[in-house]
Amino acid sequence: MIFKINSISPALQKLIIGLLFCHGSLTTMAQNPAPAPAQSKSILIKNVQLHDGNGKTYNNASIGFNEGKITFLSYLNMDEKNNSWDSIIDAKGQHVYPGLIALNTNIGLSEIEALRAMNDYSETGSINPNARAIIAYNTDSKVTPTVRFNGILTAQITPSGGLVSGNSSIVSLDAWNWEDAVYKSDEGVHINWPSMNVYYGQKSNEEDFEKKQKERIEKELKNLEAFFEDSYNYHLNNKPNPKNLILESMRGIFDNTKKLYIHANFAKQIMAAVNLCNKYKINFVLVGGSEANMVINLLKDNNIPVILGQTHQLPLREDEPIDAPYTLPKKLQDAGILYALSCNGFWQVRNLPFIAGTAVAYGLTQEQALSSITINAARIAGIDKTTGSIEIGKDATLILCQGDILDMKSSVINRAFIMGKSVSLDNVQHQLYLKYKSKYNID
Amino acid sequence: MTYISAIFSYMKKLLIIIAFLFCGISSIIAQQNFPVNGVKNEKKIIYAFTNANIFIDYKTRIKEATLIVCEDKILDVGNGITIPNNAVVYDMQGKYIYPSFIDIYSSYGIKAMEKSKSSEWPQYKSSESGAVGWNEALKTDYNAYQNFSINQKEAEQFRNAGFGVVLSLRKEGISRGSSTALALIDENPNKALIKSKAAACFSFNKGNSTQVYPSSLMGAIALIRQTYYDAQWYALAKNKEKNITLESWNELKNLSQIFESDDKLNTLRIGRIGDEFGVNYIIKTSGNEYQRMEEIKKTKARYILPLNFPEAYDLSDPYDAANVSLASLKHWELAPYNPYFFEKSGIDFALTTDGLKEKKDIFKQLNKAILTGLTEQQVLKALTYTPAEFLALNQLIGSLRKNYLANFIISSGNIFEKNNIIYENWVLGERYIINDIYEPSIQGKYSFILNDQSFKLTILGNLDNKAFELRKDTTKCTAKGNFKRNRLTLSFEVKNKTINEFYRVSAEYNNKDFIGKVQMPDGNWQNINIKYLEANKDTASKNNHLKNENNEIKVIYPFCAYGTENLPIEEEVILKNASVWTNEKEGILQQTDVWIKNGKIFKVGKNLLSTSAKIIDASNKHITSGIIDEHSHIAVSHRVNESGLSNSSEVRIADVIDCDDINIYRQLAGGVTTSHILHGSANAIGGQSQLIKLRWGKSPEQMKFEGADPFIKFALGENVKQTNWGEKYTIRYPQTRMGVEQIYTDAFTRALEYENQLKNTKENPVRKDLQLDAMLEIIRGKRFITCHSYQQSEINMLMHVADSFHFKVNTFTHILEGYKVADKLKKHGSGASTFADWWAYKYEVIEAIPYNGAILNKMNVTTAFNSDDPEMARRLNQEAAKAIKYGNVSEEEALKFVTLNPAKLLHIDSRTGSIKEGKDADIVLWDNHPLSIYAKVIQTYVDGICYYDSERNKRLQDEIQKERNRLIQKMMNQKDANENTQKPLLKNKKLQHCNDHELINHQNDNHDF
């Protein structure tokens, strides 16, 4: 049983806080909770509304899991009594969801945006496919538990900046260290497609400004093309001498053992990216895609999955429909494109479920929206064999939620399990809340 | 003597000889009292131009008239006047004579200021030397007449376009000193100078000034305002320091005052400054004033209009075409109408060539304007009489009368007709020939025969630019030609089977034909007789987009997407059977009607009946009070920060409301009805804020929340001490929280001293200090603070400062550590306007918690959630709902965080913030529980006017597409007609130099957290 202060009576809360203060050290207050130990006892959660992430929902369902894997689902006509459960949670009226997956985030790579010392997501230089985000991933970030608090249990830790930013890794958001956290390491390389827009310059030398930008675009595209050519040629040789760390880290892209994530928002960029990747027969994942709706057939014909950039966003242009970003998920859904929703930044990622909620207000069903932050994300990241939905044999990475997880008005997460481990939902912000409630003697 | 110096000595002599040569030429029109090198060559000839159509002024044409001039003056003009015996007489039969044009906005002969290298470090003080004013953007002591030099090339371009006199100014700085009126003659600056100080000039553009202040448009306006007061004070004060800037300012006061504007809203702002200081500005406009003609009319200003109508965009790439906004497309179509709109509104204006790539384009542009309905008389007035009048030179130039300057144009016919030819432009009695008046018109079709082969020649084009088309039978031959002084030279090639043969003709004009010689390919000479056949057929110019389209001329308000020709009007409406979130003790009323009438909530109750009201079925829907955003930076022109000073309390958001910001409409769609538009947090004491209602389509003045208490933005912490501004920002005081307190204490202390001076000093006038005026208003409870704040220590500090000056801090905004001092806030009486869940973006928010709102509310501090972000402002209802998630605030209370509570913080809760009879009908109809993420706005009313309606929104979306397509087709047509085009570049209003990543992720730069 985890220490869950939320459900304890106020009187008991005060007592607990009192005890904590008795220890005399405030530092114990501002601590992240300890990572949970591996699941040692089987658990059955009963009487829930179960959302499987694959688009189905079941009333009065029960879910059982043991040794980190889902072993029982009541709606599959399995006999509940065949298993003996060490622990049974009757969660009548609550919802079970797969753990949410946040793609393209720098949780653990940044602690305070404005402080240089606290940022480790953007390496200097332009071409860094060899940089690995995972080794900079800080499991002790104070931000992570606040994100977990809203049901995000898995994340793609992603570097950014430059033309080629480096490798992302998938982690579970409850760990002692990065080795512990890894779910899938160095699973993909991230490329930021060069800007192909030309902007107005200052009045004085507008023509020159335009020309310079065009030269810049041409140069960057040529650099990128040359980099692909070099990487491709290098990969043809199994034993290159000398070994080139930069090109070596691109090898997986060409033999399809590693994903290529291309960050691009504008139609022209996306078309150019498709063109280049087709030349090398690379399948890539589009990240961003603000104008994905303008190239929807191209994406579909080329089977390109999309991680949509934050859709809580203003339209790109004043003439566009005012709800253009909000309606984008529905457009991809209707076109049959595999897509996931995402959230900019790190601390902001706790709002991922609400980004999905907005997509429901603008056309998706709740289950479709849930898929876009669970199983779709898992498919895109290539981890769907083991996680991303509630299925027998998959990881018991799931959430028990008081209300609708997509709606902040009712979303209160009571329990979270990562591979069967009952992880703490406590965090420094909640601790400060309790500390000051106690100071003012309020409920 | 060394070899090198010998060379120098030789070169020196050479230069002197060259100099003398030039002097020799120029002495023809030498300065009156200058010594002459050589023999005096003075001419005093009387010229009489007879039988002409003379426009003695813009509205009076005299036929068969005579103009008599001598030296630089007109001796006489009219019918039946006596021609002096000794006059040289030119018969002008059929020709037209006009007063030469006047361009009242040019930089002719003025050297632009060289850009000084800006320092790596921010520069807070003026870098000017001498006893000048504090701000280097005020170039008040600059005088164009002391700095001009004759520029023959430029003068010729002006003269060829019909101009005789220009006003020259240096386009540099906010105050630009004096401009000068110059005649466009090629020699003798002493004669060219017509009026030394002709007009004082101003702009909002600080130009090459490297001083930080003003870093914003509102700062520029504040600087102008304060300088007016300073100059008034300077004129009266005794015992003052010398200040050349203020002295010059006062000296220029009685001249015409010309103010350059680069947008219609700036034009209105200039009008307002004029009203404030009793100055009737002549405003040089940007050319988009037709988009706000009603308000322009009310300025009562006089105008100078440009003719640089935008070129069509190159839209051949459909993806690039998406980057051109509807506003730009429409402006392309309507810009030529701008002068016509002014004429129609009865506003006096002059025209200028300023902004035209070439001066000669003026006629092409005028033709466009005339096609829109602008009258020729008005055009002539705007180029002659009006500019002369604006410069108080209408007794000297702009008309052709006795004793006026001899500045006139001789043309073949009506100067505004397409095929008209300007022959001569006389300036100060000096004759400048543009086209040979005696040159025959040789345009037409001809034929000739060479070696039994028949050729057809067509001569096209105008006087100075002819085109020659030659055909042998039906085959086209390449031909080049030239016609000067009655001689035609023509060379052409004839393609034979193997080689190309070249023919060269030289022939004399002879009674319509040409007779001469041709040298054949074999070198032999032959006679040639090129016979005139007939005149060219008039090929009407293709698809001139201004013809017959008056039905398409629709100005929309605001002039951008989602603007409409007719604004929604106030209606009497009953919304029936809704769940009504009253925010009053009645709570949430089910199955209840809300009746709005005369802009107010008339009745709230069940089964309301009316025959006059429009009925809207709102069953299963929710009605709330309109959302009030306590902290917003939308709808601001230029920047929201004036970062040039640590105290910029003199700047006013009220001066820079941008009614065209699309975010106003987008936020209406999120249920926002009132926004508190704040200065940014770049300094301890920011600027005065402005409360607006989101009356989409209305003018800036109409958006202002009438009668609302004035507020001012303060800020604490990292932004103020420039922590995250970069390594170079370590100069401006304060750099620590310690210094922030001292800024406040100092400002309030000085304000009290100032108050004392105002009360007690009678004789020596006290300088009106707009900064201290604002500080004093705060102390005296006439202006209220909303203070950007994060950490508890500084929040505590400001309350102490306020206590010591006996006032209250009205609101702390952001206040992410408010929960740590909730008890102190309550005691002091401050409210809190915070974020729902923001943190970790900088060090001072490291202990921010999403439970902040819940704790503050629980502690009875008036608590609001604000946006500070144009995107999030569209979802403030959802932010409010986070107070339920984090801290168990009740639903009703949570909704008040974005409605009633901010209304209280802004002192407008007697008019807004709840659904109560008699309050303003600022209400929102939702399709779902208003705190749910699934809720969308169906309608938003402000003052009972439905400014957003989801159905209408869909229609507008379709109309935008239709209108875009119509304009794109039209533009493509224009492009095919070989008009000049410009590239469609992505124009981001707020961020000019961002990359795509920034465009996507940081397009919301208008926030200041």
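Residues numbered from 1 in each chain as written. Chains lettered and ligands numbered in written order. Predicted model: local features only at pLDDT ≥ 70, side-chain atom pairs only at ≥ 80, totals over all residues.

A.B. asks: Explain the overall build of chain B here, please?
C.D. replies: Looking only at helices and strands, chain B has 25 helices and 44 strands in total. Taken along its principal axes, the extent of the C-alpha atoms in chain B is 110 × 70 × 65 Å. Per-residue burial for chain B yields a buried fraction of 50% across its 1009 residues. (Helix = DSSP H or I, 4+ residues; strand = E, 2+ residues; numbered from the N terminus. Buried ≥ 20, exposed ≤ 12 C-beta atoms within 10 Å, placed from the backbone.)

A.B. asks: How should helix α18 (residues 792-804) of chain B be read in this particular structure?
C.D. replies: At 3.6 residues per turn, the α-helix brings residues three or four places apart onto the same side. All names here are of chain B. In this model α18 runs 19 Å from its N-terminal to its C-terminal C-alpha over 13 residues, within 8% of the 18 Å that 1.5 Å per residue would give. Where α18 is concerned, the buried positions are Glu794, Ile795, Leu798, Met799 and Ala802. An end-on view of α18 places all buried positions within 140° of arc, on one side of the element. Among the exposed residues of α18, those pointing more than 90 degrees away from its buried face are Asp803 and Ser804. Where the residues of α18 are buried, they touch α16 (737-760), β37 (784-789), β38 (811-814) and α19 (822-828). After α18 finishes, the residue histidine 806 shows a positive phi value of roughly 60°. (Expected span 1.5 Å × (residues − 1). Arc of directions from axis to C-beta. Contact = placed C-beta atoms within 7 Å.)

A.B. asks: Help me understand the domain arrangement of chain A, please; the structure alone is not making it clear to me.
C.D. replies: Interfaces are often described in size by the accessible area the parts lose on coming together. Residue and element names in this part refer to chain A. Domain annotation of chain A identifies domain 1 (5-98 + 424-440) and domain 2 (100-197 + 239-387). The C-alpha-based centres of domain 1 and domain 2 are spaced at 29 Å. Each partner contributes residues to the interface: domain 1 has 17 residues there, and domain 2 has 16 residues. For the side of domain 1 that touches domain 2, the secondary structure elements donating two or more residues are β5 (95-98) and α13 (428-440). Residues belonging to the side of domain 1 that touches domain 2 are distributed by class as follows: seven nonpolar, eight polar and two charged. (Domains from an automatic or database assignment. Nonpolar A, V, L, I, M, F, W, Y, C, P; charged D, E, K, R; others polar.)

A.B. asks: I would appreciate a short explanation of the sheet that holds strand β23 (residues 487-495) of chain B in the present structure.
C.D. replies: Backbone hydrogen bonds hold the strands of a sheet together, and the pairing may be parallel or antiparallel. Residue and element names in this part refer to chain B. Here we have nine strands laid out as an open sheet, ordered β21-β20-β19-β18-β26-β25-β24-β23-β22, and antiparallel in their pairing. On the outer flanks of this sheet lie β21 (475-477) and β22 (479-484), each paired with one strand and no other. Across the sheet, the mean angle from the axis of one strand to that of its neighbour is 25°, orientation sign disregarded. As paired elements, strand β25 (residues 513-519) and strand β26 (residues 525-534) share six bridges and run antiparallel to each other. By the bridge assignment for β26, isoleucine 515 is matched with asparagine 529. (Pairing = 2+ DSSP bridges. Axes fitted to C-alpha atoms, helices over the stretch in contact; angles between N-to-C directions.)

A.B. asks: What am I meant to see in the interface of chain A and chain B here?
C.D. replies: Taken residue by residue, the interface counts 48 residues in chain A and 57 residues in chain B. Looking at the side of chain A that touches chain B, the elements with two or more residues in it are α7 (267-279), α10 (352-361) and α13 of chain A. When residues in the side of chain A that touches chain B are grouped by element, the largest group, six residues, is from α13(A). Tallied by class, the residues present in the side of chain A that touches chain B amount to 24 nonpolar, 14 polar and ten charged.

A.B. asks: How should the sheet that holds strand β11 (residues 284-288) of chain A be read in this particular structure?
C.D. replies: Residues and elements named next belong to chain A. The sheet built from eight strands is open, its strands ordered β6-β7-β8-β9-β10-β11-β12-β13 with mixed pairing. Each edge of the open sheet carries a strand with a single partner, namely β6 (100-105) and β13 (339-341). This sheet shows a mean twist of 25° between the axes of neighbouring strands, independent of strand direction. Pairing of β11 with strand β12 (residues 306-308), which is carried by three bridges, proceeds in the parallel orientation.

A.B. asks: Mind showing me how you'd approach the domain arrangement of chain B here?
C.D. replies: Residues and elements named next belong to chain B. Once the domains are mapped, chain B shows domain 1 (107-112 + 129-392), domain 2 (444-534), domain 3 (556-626 + 914-957) and domain 4 (627-912). The centre of domain 1, based on its C-alpha atoms, is set 37 Å off from the matching centre of domain 4. The partner domain 4 presents 24 residues to the 23 residues of domain 1 that form the contact. At the level of secondary structure, the elements contributing two or more residues to the side of domain 1 that touches domain 4 comprise α4 (217-236) and α6 (264-277). A per-element tally of the side of domain 1 that touches domain 4 places α4 first, with eleven residues.

A.B. asks: Even after reading the chapter, I still don't get helix α5 (residues 244-251) of chain B, so can you show me in this structure?
C.D. replies: Residues and elements named next belong to chain B. The complete set of buried residues in α5 reads Thr245, Leu246, Ser248 and Trp249. The buried residues of α5 occupy one face: seen down the axis, they fall within an arc of 160°. If you follow the buried residues of α5, they end up packed against β8 (175-183) and α4.

A.B. asks: What is the right way to look at the environment of Asp140(A) in this model?
C.D. replies: Among the structural elements, Asp140(A) can be located in the loop between β6 and α2 (143-148). Residues Asp140(A) and Asp395(A), 255 residues apart in the sequence, show an inter-C-alpha distance of 23 Å.

A.B. asks: I keep staring at the nonpolar core and nothing clicks. Help me out?
C.D. replies: For soluble globular proteins, nonpolar side chains are generally found buried alongside one another. One finds Leu286(A), Leu67(B), Ile97(B), Val594(B) and Ile623(B) to be the most contacted residues of the largest nonpolar core, which totals 367 residues. Of the residues forming this core, the biggest block, nine residues, is contributed by α4(B). Dropping the residues within four chain positions of it, Leu286(A) is found in contact with Ile262(A), Ala264(A), Ile270(A), Ala292(A), Leu299(A), Ile304(A) and Val306(A). (Core = buried A, V, L, I, M, F, W, Y, C linked by C-beta atoms within 7 Å.)

A.B. asks: How should unusual backbone geometry be read in this particular structure?
C.D. replies: A negative phi angle is the norm for most residues apart from glycine, just as the trans form is the norm for most peptide bonds. Of note, the amide linkage connecting Tyr557(B) to Pro558(B) takes the cis form, showing an omega dihedral of -10°. Tyr733(B) connects to Pro734(B) through a cis peptide bond whose omega is 5°. A positive phi angle, near 45°, is found at Asn60(A), a position not held by glycine. With respect to the helices, strands and loops of the structure, Asn60(A) is situated in strand β2 (residues 57-66). With a phi angle near 50°, Asn511(B) is a residue other than glycine that sits in the positive phi range. A residue is classified by how many C-beta atoms lie within 10 Å of it, and Asn511(B), with 7 of them, is exposed.

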